[in-house]
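# Summary of structural features
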Amino acid sequence: MSKAIELKSAVVAEIAEKFEKAASVIVVDYKGLTVEQVTDLRSQMREAGVDYKVYKNTLVRRAASQIEGDVYANFNDELLVGPNAIAFGYEDAVAPARVLKAFMDKNPDKITLKMGVVEGEFYDEAKIVSLASIPSREELIAKLLGSLKAPMSNFVYLLDALAKKQDEEVTEA
């Protein structure tokens, strides 16, 4: 086997492994980005714990064909064309979509969301955009704690007000 084939088969195995490990995989068309913008996007991805890579489409298609099930069946010649980058989210399935959507808002008409797989389900561009609007886990926990804290805080403020009112009545009498 030639050296080039060995290298390509190693990359295909790497991509297939990432597909299996990742909670979410999002494919974007990054045509039109400057080097500065790509560097900025990569740093934002790293901060969010997202792996952002550019692979040859043929190698991605081969890796997708190795995955059991039909969830990666849409990673084909029709949809996987042109310059593509792939964002792999491992811990937070929504993180890649959120970072990409925020980047798209700052840099309109620079990147295009193509497709993705999130927790074993195929997502088109519209679904990925709606997924990006879901708050992060930390934000949801903070909202939940705020909701739980509000009634207790109000009750404490009410008791405090009643106590102050009684103190005023006692001092007046």
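As shown above, the structure is provided for reference.
Since we're looking at a predicted model, the values are computed, not measured. The written sequence of each chain sets the order in which its residues are numbered from 1. Owing to the predicted nature of the model, reporting of local features is limited to residues with pLDDT of at least 70; listing and counting of side-chain atom pairs is limited to 80 or more, with chain, interface and lining totals taken over all residues. Values reported for side chains reflect all heavy atoms of the structure, with hydrogen atoms and water molecules removed beforehand.

## Here's the deal with the packing of helix α1 (residues 3-21) against helix α3 (residues 57-66)
When two helices pack together, their arrangement is captured by the angle between the axes and the distance separating the axes. Inclusion rule: To define axes, lines are fitted to C-alpha atoms, for helices over the stretch in contact only, and angles between the resulting N-to-C directions are given on a 0 to 180 degree scale. Secondary structure elements follow DSSP: runs of H or I no shorter than four residues count as helices, runs of E no shorter than two count as strands, and numbering proceeds from the N terminus. Throughout this description, any angle smaller than 35 degrees is read as roughly parallel, any larger than 145 degrees as roughly antiparallel, any in the 65 to 115 degree range as roughly perpendicular, and the remainder as oblique. Working rule for handedness: look at the near helix, and if it is turned counterclockwise from the far one by less than a right angle, call the crossing left-handed; if clockwise, right-handed. Note on contacts: a residue pair is in contact if any heavy atoms of the two residues lie within 4.5 Å. The residue classification treats Ala, Val, Leu, Ile, Met, Phe, Trp, Tyr, Cys and Pro as nonpolar and Asp, Glu, Lys and Arg as charged. All others, Gly included, are polar.
Across the interface, α1 lies against α3 with an axial gap of 8 Å and an inter-helix angle of 55°. As summarised for this structure, α1 and α3 are arranged oblique, according to the angle between their axes. For α1 against α3, the interelement crossing comes out right-handed. Taking contact as the criterion, the partners of Lys 8, Val 11, Val 12, Ile 15, Ala 16 and Phe 19 in α1 are, on α3, Leu 59, Val 60, Arg 62, Ala 63, Ala 64 and Gln 66. Classifying every residue of the contact of α1 with α3 by side-chain character gives nine nonpolar, one polar and two charged.

## Side note on the packing of aromatic side chains
Threshold: When the centres of two rings from Phe, Tyr and Trp lie within 6.5 Å, Trp using its six-membered ring, the rings pair. Their planes under 30 degrees apart give stacked, over 60 give edge-to-face, and anything left gives tilted. Think of it in three bands: residues with accessible area under 20% of the maximum for their type are buried, residues over 50% are exposed, and the middle band is partly exposed, with areas taken using a 1.4 Å probe on protein chains only.
In this structure the tally under the stated criterion is five aromatic pairs. A ring pair is formed by Phe 19 and Tyr 72, whose centres lie 4.4 Å apart and whose planes are at 20°; its orientation type is stacked. Of the two residues, Phe 19 sits in helix α1 while Tyr 72 sits in the loop between α3 and β3 (84-89), which places them 53 residues apart along the sequence. What makes Phe 19 buried here is its relative accessible area of 3%. Tyr 72 sits in the buried class, given a relative accessible area of 7%. Taken together, a centroid distance of 6.5 Å and an interplanar angle of 10° make the contact between Phe 88 and Tyr 90 stacked. The exposure class assigned to Tyr 90 is partly exposed, which follows from its relative accessible area of 30%.

## A few points about the sheet that holds strand β1 (residues 24-29)
Neighbouring strands of a sheet are bound in pairs by backbone hydrogen bonds; such pairs are parallel or else antiparallel. Stated formally: Note on pairing: two strands pair once DSSP finds at least 2 bridges between them.
If you walk across this open sheet you meet the five strands as β2-β3-β1-β4-β5, and the pairing is antiparallel. The strands lining the two open edges of the sheet, one partner per strand, are β2 (50-53) and β5 (121-124). Neighbour to neighbour, the strand axes of the sheet diverge by 15° on average, direction disregarded. The sheet contact formed by β2 and β3 spans four bridges and is antiparallel. Looking at the pairing, Lys 53 lines up with Ile 86 of β3. Running over the sheet, helix α2 (residues 35-47) touches β2 and β3 and is turned about 150° from β2.

## Some details on the pattern of salt bridges
Stated precisely, the cut-off is as follows: Salt bridges are counted wherever a side-chain nitrogen of Lys or Arg sits within 4 Å of a carboxyl oxygen of Asp or Glu.
Taken as a whole and judged by the stated rule, the model has seven salt bridges. A salt bridge links Lys 21 to Glu 17, with the nearest nitrogen and oxygen atoms 3.1 Å apart. A residue pair is termed a helical-turn pair when its members lie 3 or 4 positions apart in one helix, as Lys 21 and Glu 17 do in helix α1 at four residues. Classification of Glu 17 by relative accessible area gives partly exposed; the value is 42%. Between Lys 127 and Glu 121 there is a salt bridge, with the nearest N and O atoms lying 3.6 Å from each other.

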